[in-house]
Each structure stands twice: as C-alpha cells, then as structure tokens.
Amino acid sequence: MPVLNRRSLLVAGAAAAAVPALASCGSSSSSGSSDGPLQFILSGDANQGGGYAAMAKKYTKETGVEIEIVDVPYDDLETKVRNASKANDLPAIGRMPSVDPMWLDRTVDLADIAAAAKPIEGMAAADENGKVPALPSDLTAVGMFLNKDLWDEAGVEYPTSFDDNVWTWDEFLEASSTVRDTTGVKFSLTMDRSAHRLSSFLYQHGSEGLALTEDLSAYEANEATVGALEKFIAMNDDKVMPRSVWLTEEDPNAMFKTGQVTAYYSGSWQIADFIANIADFEWISVPMPAQAEQATNFGSAAYMVVFDGTGQEDKAVDFVTWLYTPENYAEISRISGFLPATEGVEVSYDDRQEDFDLYNAAISGSPAFVGESKARDLTLQVAGTAAPLSGDPVRDETVKAIAGDITADEAVKNALEQLNESLA
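Residues numbered from 1 in each chain as written. Predicted model: local features only at pLDDT ≥ 70, side-chain atom pairs only at ≥ 80, totals over all residues. Heavy atoms only, no water.

Asker: So what's going on with the overall build of the protein? Residues and values would help.
Answerer: Of the regular secondary structure elements, the protein holds 16 helices and 11 strands. By the compact-globule yardstick of 22 Å for 424 residues, the protein fits well, its C-alpha radius of gyration being 21 Å. With the C-alpha coordinates aligned to their principal axes, the bounding extent of the protein is approximately 65 × 50 × 40 Å. Within the protein, buried positions represent 56% of all 424 residues. The long-range fraction of contacts in the protein, counting pairs at least 24 apart against all pairs at least 6 apart in sequence, stands at 77%. Per element, the accessible surface of the protein, about 17,000 Å² overall, is 46% carbon and sulfur. Distance from the positive charge centre (29 side chains) to the negative charge centre (67 side chains) of the protein: 4 Å. (Helix = DSSP H or I, 4+ residues; strand = E, 2+ residues; numbered from the N terminus. Rg over C-alpha atoms; globule rule 2.2 N^0.38 Å. Buried < 20%, exposed > 50% of the residue type's maximum accessible area, 1.4 Å probe, protein only. Contact = heavy atoms within 4.5 Å. Areas by Shrake-Rupley, 256 points an atom, 1.4 Å probe, with all protein chains shown as cover. Lys, Arg positive; Asp, Glu negative; His and termini not counted. Charge placed at Lys NZ, Arg CZ, Asp CG, Glu CD.)

The structure is reproduced here in structure tokens:
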C-alpha cells in the first residue's frame, strides 16, 4: 500500500462540556429501543474542546434526534464496552481505541459511509465479506516540542521546517545538552512511555519496528532494531532523559509544562493542551531528528463504531453519516484539533496552523512502510484473528531493559515472541 498522504491540519479550542460517565454503557431509555437519546461513548472529548458534544448539539438542532455523549476515562473505556457487550447493553455509538474482537461481531457495516467519506489509504479495512466495522475518527502523529525560551536563552539554533537542514539525533542530543547545561534545567528530553512514540524513534534509526509481515503470518524486526533500541535505553540515564518516566510512570507532559526539560517527544494531540495550559514560556513544534530516516509514526487516533442490537442502528448510522460529511467533519476537526482522517477535507484552525503543517509534512515525508504497517495491523483487527494482548510487549520489555534486567536484544526477542503468540 502507498504511504498515507495528508494535507493541512491543526487545532483550536471550543468549550463544550460532555455528559459525565454513566454507571453503565446502555440505559433503559436507549439500549434495545428506538426511543430515547442515542448514547455515544468515548473518552477525552472534554479535553479536546468538546467537539463531539458540540456536534451532538448541532445534530439535535437540525434533526431533533438527541445524542447523549458519555465521556469516560480512557483506561476504563475498553473494559466498560466489553462488559456492556457481554451484558447485551451496548451504547448506540462508540469512539474506540481499537477494533476489539470482544465486540467485533456486534458492529454495523459502515462500508457505505466509508465509500462516501474516503478514509485515507490504510485507515479503514473490510473483512473477507466486505464489511467495514469501523471508521477512523481522526489521525494522530508523533512529533517534538521545544521549550523555545530555554533554547533562545542558550543561544542554540534549531530547525523549524523540513526545508531546513534537519538535525540528526546526534546533533540534537549535543544541542539539547548544551541548552540543559547552559540554563540549568534537569533533563535534555522526555518521551511518552509508549511503544507508539518509541516506534518512531526506531524508524528514524533504520528499523521498521516490530511489524507484521505482508501475509500477516508473523511479526518481525530488521537488523537495525536492536541497535536503535540500545541507543534509546542508553539515553535513559537521568541526564539526557529521566528514567522515572519509563520506570515509574512519572508524567512527561507535566515535566515539559513545568519547564524541567528542553524538549518533549510526544505528538499532535498535545497542541490543544499546550495552547490552553502553557503560559509561563513559549513553546514550538520542530522536526524530529532523522538518522538516517525522516519518519513519524501515525495512524488512527480512534475508531468510530455503530453497535448492533441496540434498536437504534438506523438512527446511529444516520448520525455518523452526517458527521462524516465534509462540512461537519471539518468542523469537528477544527473544534477538537483533529488531524482529519479522510481525503479532501480542508480545515481552517483558530491557532497554531504552522504546528500542524509541520505534522502534515512529517507524515507526507515518512517512508512507505509506516502506512503499510498500519494497514496490516488494522486488517488483522478487522479479521478478528488475533488474541488480545496483555499489556504492550514493546513498551513492557523496553522498561525491563532500561531497568537493567535484560538486554536490548532480549527485549526485542521477548516482544516478538509475545506478539507472535497472539497470532497463534
């Protein structure tokens, strides 16, 4: 498959509040009945400008159909919907982190909406019968932020676009160490404790990550993977990077916002938060280092699903169809700071357009294998043939290596073994 192509993106903030999380997913007023509001379960809408809440109000005004937004903590979302599926008490609609085999057979076919909305290549997949059980809600991509005040105070230059001479990791580490030492902050860099972020670091060092083969039969890693992981492990030395983030889950977002680090390796979803919550210093998005590859890691941030068996399937499909029209999809992308996951949607954001233009360039310039890997992962999910994993093997084995319990080579072998066991 070709690499995903993207256009302009960015963020803004609209203040629409979502309904508090309910005790259960469905309710007597909605689940199993065509009457009552359409219950729409998701996570993080209130933190992303309340885009879905705003669109729900707009839809009710236009159609009279009420949409009830149920915003639950991210860590609870998967379990809540699984339990609702077992209890035959699913909501009408969900914005889910992945396509879960626990409820895959309880989904409505969204192929007609997909044909009209045209999801970006690799972001939607059909099963062997042509059914499309989920649509991408929006894209997410990895990127780097600098504390601009610190870098300017130290007098150290940095690239601001891919037209510049983009730095290598060795150049970045030398520059960020100079900023750290000159300004007296604690660390050069912090990175989210996530395989999604780590994978982009691996890509930049010539690895293709721990990826499915083309025939979906196994996970493999190329020869550059162990060396790249060794470099990352060595960076967690309580000087370049704080060991506490990966070993004890200290919050890297808080570290950056409180000025403890010169740079933060995270992603596009942080922009809305930084606009709203960083007032003590200037920050800037910059190209991630390339050594030798320029690459980000990107994919669907979440998946829109219409659940079957609620008695509200037709109304739910009508709402999702409406949501994915170009005008409405552009509007929620503007409000929530989403990177659109469909072709041909242009979004005019209220602030920091240049930051999201940078993500657009990073996605467009990434190697083809990144998009191909995402497409294979989704195809496997839609087929329902992989067992759910306990935890995140890449992240969890890397944590053991940072702690000194295993080597980088053992971490890669252990993670591959766990991933391949899920295919058995």
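Asker: Account for unusual backbone geometry, with residues named and values stated.
Answerer: Of note, the bond from Q291 into A292 is cis; its omega dihedral lies within 30 degrees of zero at 5°. By the secondary structure assignment, A292 is in the loop between strand 10 (283-286) and strand 11 (298-306). The residue E249 is not glycine, and still its phi comes out positive at about 65°. Relative to the elements of secondary structure, E249 occurs in the loop between helix 8 (243-248) and helix 9 (252-257).

Asker: Break down the pattern of salt bridges for me, with residues and values.
Answerer: Here the structure, examined in full by the defined rule, presents 16 salt bridges. Ionic pairing is found between E331 and K58, a salt bridge with its closest N-O pair at 2.7 Å. With a gap of 273 residues between them, E331 in helix 12 (residues 326-336) and K58 in helix 1 (residues 51-63) connect regions that are remote in the sequence. With a closest N to O distance of 3.0 Å, K231 and D170 form a salt bridge. Of this pair, K231 sits in helix 7 (residues 224-235) while D170 sits in helix 5 (residues 169-183), and the two are 61 residues apart along the sequence. Residue D170 is classed as partly exposed on the basis of its relative accessible area of 45%. In the salt-bridge network here, residues are joined through shared partners; they are E78, R82 and D100. (Salt bridge = Lys/Arg side-chain N within 4 Å of Asp/Glu carboxyl O.)

Asker: Pulling in residues and values, what's your account of the nonpolar core?
Answerer: Core analysis: the largest hydrophobic core is formed by 113 residues, its most contacted members being M144, L146, F172 and F319. Ranked by residue count, the leading element in this core is strand 5 (residues 135-147), at seven residues. Once residues lying within four places of it in the same chain are set aside, the contact partners of L146 are W151, Y158, W167, F172, F256, T262, A263, E282, W283, I284 and V286. Within the second largest apolar cluster, 18 residues are counted, among which are V81, A84, M96 and W103. (Core = buried A, V, L, I, M, F, W, Y, C linked by side-chain atoms within 4.5 Å.)

Asker: Residues and numbers for the confidence of the model for the protein, please.
Answerer: Residues of the protein with pLDDT of at least 70 account for 92%, and the chain-wide mean is 90. Below pLDDT 50 for its whole length, residues 27-32 participates in 18 contacts with residues either more than four positions away or in separate chains. (pLDDT = per-residue confidence, 0-100.)

Asker: For the packing of aromatic side chains, give the residues involved together with the corresponding values.
Answerer: Across all of its chains, the model carries 27 aromatic pairs by this definition. When the ring of W151 is compared with that of F172, the centres are 6.3 Å apart and the planes differ by 20°; the resulting orientation is stacked. Residue W151 is found in helix 4 (residues 148-154), and its partner F172 is found in helix 5; the two are separated by 21 residues along the sequence. On the accessibility criterion, W151 (0% relative accessible area) is buried. (Phe/Tyr/Trp six-rings, centres within 6.5 Å; stacked < 30°, edge-to-face > 60°.)

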